[in-house]
Amino acid sequence: MLHYVALGISILLGVGGQILLKKGATESATFARQLLHLPTLMGLSLYVASALLYLIALRRLPVSIAFPSVSLSYVAVAMLGNLVFQEPLGVQQLAGITVIVTGVVLLSWN
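Residues numbered from 1 in each chain as written. Predicted model: local features only at pLDDT ≥ 70, side-chain atom pairs only at ≥ 80, totals over all residues. Heavy atoms only, no water.

1. Details of the overall build of the protein chain
Of regular secondary structure, the protein chain possesses six helices and zero strands. Counting helices and strands in the order they occur from the N terminus, the protein chain gives α-α-α-α-α-α. Seen through its C-alpha atoms, the protein chain measures out along the principal axes to roughly 50 × 35 × 15 Å. Considering the protein chain as a whole, with its 110 residues, one finds that 28% of them fall into the buried category. Summarising the internal contacts of the protein chain: among those between residues at least 6 apart in sequence, 64% fall at separations of at least 24. (Helix = DSSP H or I, 4+ residues; strand = E, 2+ residues; numbered from the N terminus. Buried < 20%, exposed > 50% of the residue type's maximum accessible area, 1.4 Å probe, protein only. Contact = heavy atoms within 4.5 Å.)

Laid out in structure tokens, this is it:
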């Protein structure tokens, strides 16, 4: 059970990292400033923490389950991108999200 929790938190931290990286990108005039901008540094830190938790998850979970589960982060990032940054979320994106979720459910179905 601990390994599933580690995987879930890893996914959430990856999502948070992605949103912070986007925030750093939109708030910085140049790439050099973006690299030193606090949201970017926080986003990178979340990615490191996410990777460490993913390593814990991989100790017990099959990679054929763990890695596809990480694709749920695409769903969360697309939804948050729409909510936080007003990025479009049209029919094609929603169809893709449906395919991702369906795939993860099918792979983890015992």
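2. Quick notes on a nonpolar patch on the surface
The grouping of Leu38, Leu41, Met42, Leu44 and Tyr47 at the surface amounts to a nonpolar patch, some 430 Å² of accessible area in total. Take Met42: it is sitting in helix H3 (residues 38-58). (Patch = residues over 30% accessible without salt bridge, like charges linked within 9 Å, V, L, I, M, F, W, Y side chains within 5 Å. Areas by Shrake-Rupley, 256 points an atom, 1.4 Å probe, with all protein chains shown as cover. Salt bridge = Lys/Arg side-chain N within 4 Å of Asp/Glu carboxyl O.)

3. What about the nonpolar core?
Counting seven residues, the largest nonpolar core consists of Ala6, Leu7, Ile11, Tyr54, Ala57, Leu61 and Ala66. Listing elements by their share of this core, those giving two or more residues are helix H1 (2-26) and H3. For this core, the element with the highest residue contribution is H1, accounting for three residues. The residues touching Ala57, leaving out its near neighbours within four places in the chain, are His3, Ala6 and Leu7. (Core = buried A, V, L, I, M, F, W, Y, C linked by side-chain atoms within 4.5 Å.)

4. Things to note about helix H4 (residues 63-70)
Among the residues of H4, Ile65, Ala66, Pro68 and Ser69 are the ones counted as buried. Contacts made by the buried residues of H4 are with H1, H3, helix H5 (72-85) and helix H6 (91-108).

5. Quick notes on the environment of Leu38
Considering the arrangement of structural elements, one finds Leu38 in helix H3. Note on Leu38: relative accessible area 54%, which makes it exposed. Considering only alpha carbons, one finds Leu38 and Leu55, 17 residues apart in sequence, at a separation of 26 Å.

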